[in-house]
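# Examination of the molecular architecture
If you want the building blocks of each chain, they are given just below.
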Amino acid sequence: MLHLRPTYPTNLTHLIRTFAGHSKWSNIKHQKGKNDAARSKIVTKALRVLSTALREASGDVTNFKVVQAKSLAARAGCTKANIDKALKPSKDDSSVWEKIIWECSLSNYCFVVECLSDNRNRTSPLVKHAFTKNGGTMGTTGSVMWAFDERGMVEIVPMSKEETTTAETKKKILDTMFDEVFETAVDAGADDVEINYEENSIVVFSETTELSKVTKGVRDAITPKGFEIVQSCFTFIPKDTVEFSLEDESFMSVMDTLDDLDDVQNVYHNGVLVEK
């Protein structure tokens, strides 16, 4: 049954977004509040995804995944110069990037850590250390995946980048667009739609087998209306959740450490914030 999920708390949006399966470096509100070093890491991750998408598309800049990665990089704060540079990779660059997923645990928390790396022997011990130093473990394939449902996800945002648009106006734009996206998404095979006012976006969920069809149906409907897709990907949604608070030092340490690793792209977990 289709339903509208509640919006996420503003003070821990980046953690809740990773719980929901969104790429954490695409969180513009969180990104703008970071210091220069942290913002640089966010930009690095976004440009890496763009370069990888371009390589997989054999250099075709019109490929949908490349266009999507370009839009996401812009939202993450990448400059036009850096984006253009990523779209013109060096001919001498022979690095091969691969998507790697590790399943980890910490007490009652389950984590799926998604990385993009050109050297798994470098990345693996770094991810493992983030957990072992806090009493956690890196498991084997299937050790925590049972705690999640893999879903298809499409994130939609307005094309307009007007910073002067008021919050009330942004809300009205999303509310108006939601009805059309909802109907289109349902017809294309989606089974869940949400408005995230904090991120100024609409998110559509589907079965993984329906993602391509849903993406095409939604894209065809929203493009003439001034909206664009910035993410169309698979995500992991926890079947059950475990409460955590900001005072949970081990949990927060794991998240902070993973956030600092350039190779880590997404972190999915079953924690849910309880404010005290």
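Note: the structure precedes this text.
So, here is what we can say about the structure in this document. (Residues numbered from 1 in each chain as written. Predicted model: local features only at pLDDT ≥ 70, side-chain atom pairs only at ≥ 80, totals over all residues. Heavy atoms only, no water.)

Below, the discussion takes up the environment of leucine 246. For leucine 246, the position within the fold is in the loop between β8 (242-244) and α9 (249-259). Given the relative accessible area of 46%, leucine 246 is considered partly exposed. The sequence separation of leucine 246 and leucine 273 amounts to 27 residues, and the corresponding C-alpha distance is 7.9 Å. (Helix = DSSP H or I, 4+ residues; strand = E, 2+ residues; numbered from the N terminus. Buried < 20%, exposed > 50% of the residue type's maximum accessible area, 1.4 Å probe, protein only.)

Glancing now at the sheet that holds strand β6 (residues 201-206). If you trace the 4 strands from one edge of the open sheet to the other, you get β5-β6-β4-β7, paired in antiparallel fashion. The outermost strands of the open sheet, each flanked by one partner alone, are β5 (192-196) and β7 (227-238). Going from strand to strand, the sheet's axes swing by 25° on average, the running direction of each strand aside. Inspection of the sheet shows strand β4 (residues 148-158) paired to β6 by 5 bridges, in the antiparallel sense. Directly across from glutamate 155, in β6, lies its bridge partner valine 203. Here helix α8 (residues 211-222) sits on the sheet in contact with β4, β6 and β7, set at roughly 150° to β7. (Pairing = 2+ DSSP bridges. Axes fitted to C-alpha atoms, helices over the stretch in contact; angles between N-to-C directions. Contact = heavy atoms within 4.5 Å.)

So, about helix α6 (residues 120-132). Its 13 residues place the ends of α6 18 Å apart at the C-alpha level, agreeing with the 18 Å of an ideal helix rising 1.5 Å per residue. Listed as buried for α6 are Thr123, Val127, Ala130 and Phe131. Down the axis of α6, the buried side of the element spans an arc of 95°, and every buried residue falls inside it. Of the residues flanking the start of α6, the one acting as N-cap is asparagine 119, its side-chain oxygen 3.0 Å from the backbone nitrogen of asparagine 121. (Expected span 1.5 Å × (residues − 1). Arc of directions from axis to C-beta. Polar contact = N/O pair within 3.5 Å; in protein donor to acceptor, adjacent residues only side chain to side chain.)

Okay, the environment of leucine 116 next. Looking at the secondary structure, you find leucine 116 in strand β2 (residues 109-117). Taking the relative accessible area as the measure of exposure, leucine 116 reaches 10% and is therefore buried. A C-alpha to C-alpha distance of 8.9 Å links leucine 116 and isoleucine 101, two positions 15 residues apart in sequence. Beyond its immediate stretch of four places on either side in the chain, leucine 116 contacts Arg48, Val49, Thr52, Trp97, Glu98, Lys99, Asp263 and Gln265.

Right, let's talk about the nonpolar core for a bit. Among the nonpolar cores identified, the biggest contains 21 residues, and Phe111, Val113, Val127, Phe131, Phe251, Leu258 and Val264 are the most heavily contacted of them. Of all the secondary-structure elements, those providing two or more residues to this core are β1 (98-106), β2, α6, α9 and β9 (264-269). Of the residues forming this core, the biggest block, 5 residues, is contributed by α9. The next biggest cluster of nonpolar side chains, apart from the first, holds 19 residues, and it includes Ile156, Val181, Leu211 and Ile222. (Core = buried A, V, L, I, M, F, W, Y, C linked by side-chain atoms within 4.5 Å.)

Contact pair helix α7 (residues 167-188) / α8: the axes reach a minimum separation of 9 Å and the direction vectors enclose 145°. Between α7 and α8 the crossing geometry is right-handed. Across the interface between the two elements, Met177, Glu180, Val181, Thr184, Ala185 and Ala188 from α7 touch Lys213, Val214, Gly217, Val218, Ala221 and Ile222 from α8. For the contact of α7 with α8, the class distribution of residues is 8 nonpolar, 2 polar and 2 charged. (Left-handed = near helix turned anticlockwise from the far one by under 90°. Nonpolar A, V, L, I, M, F, W, Y, C, P; charged D, E, K, R; others polar.)

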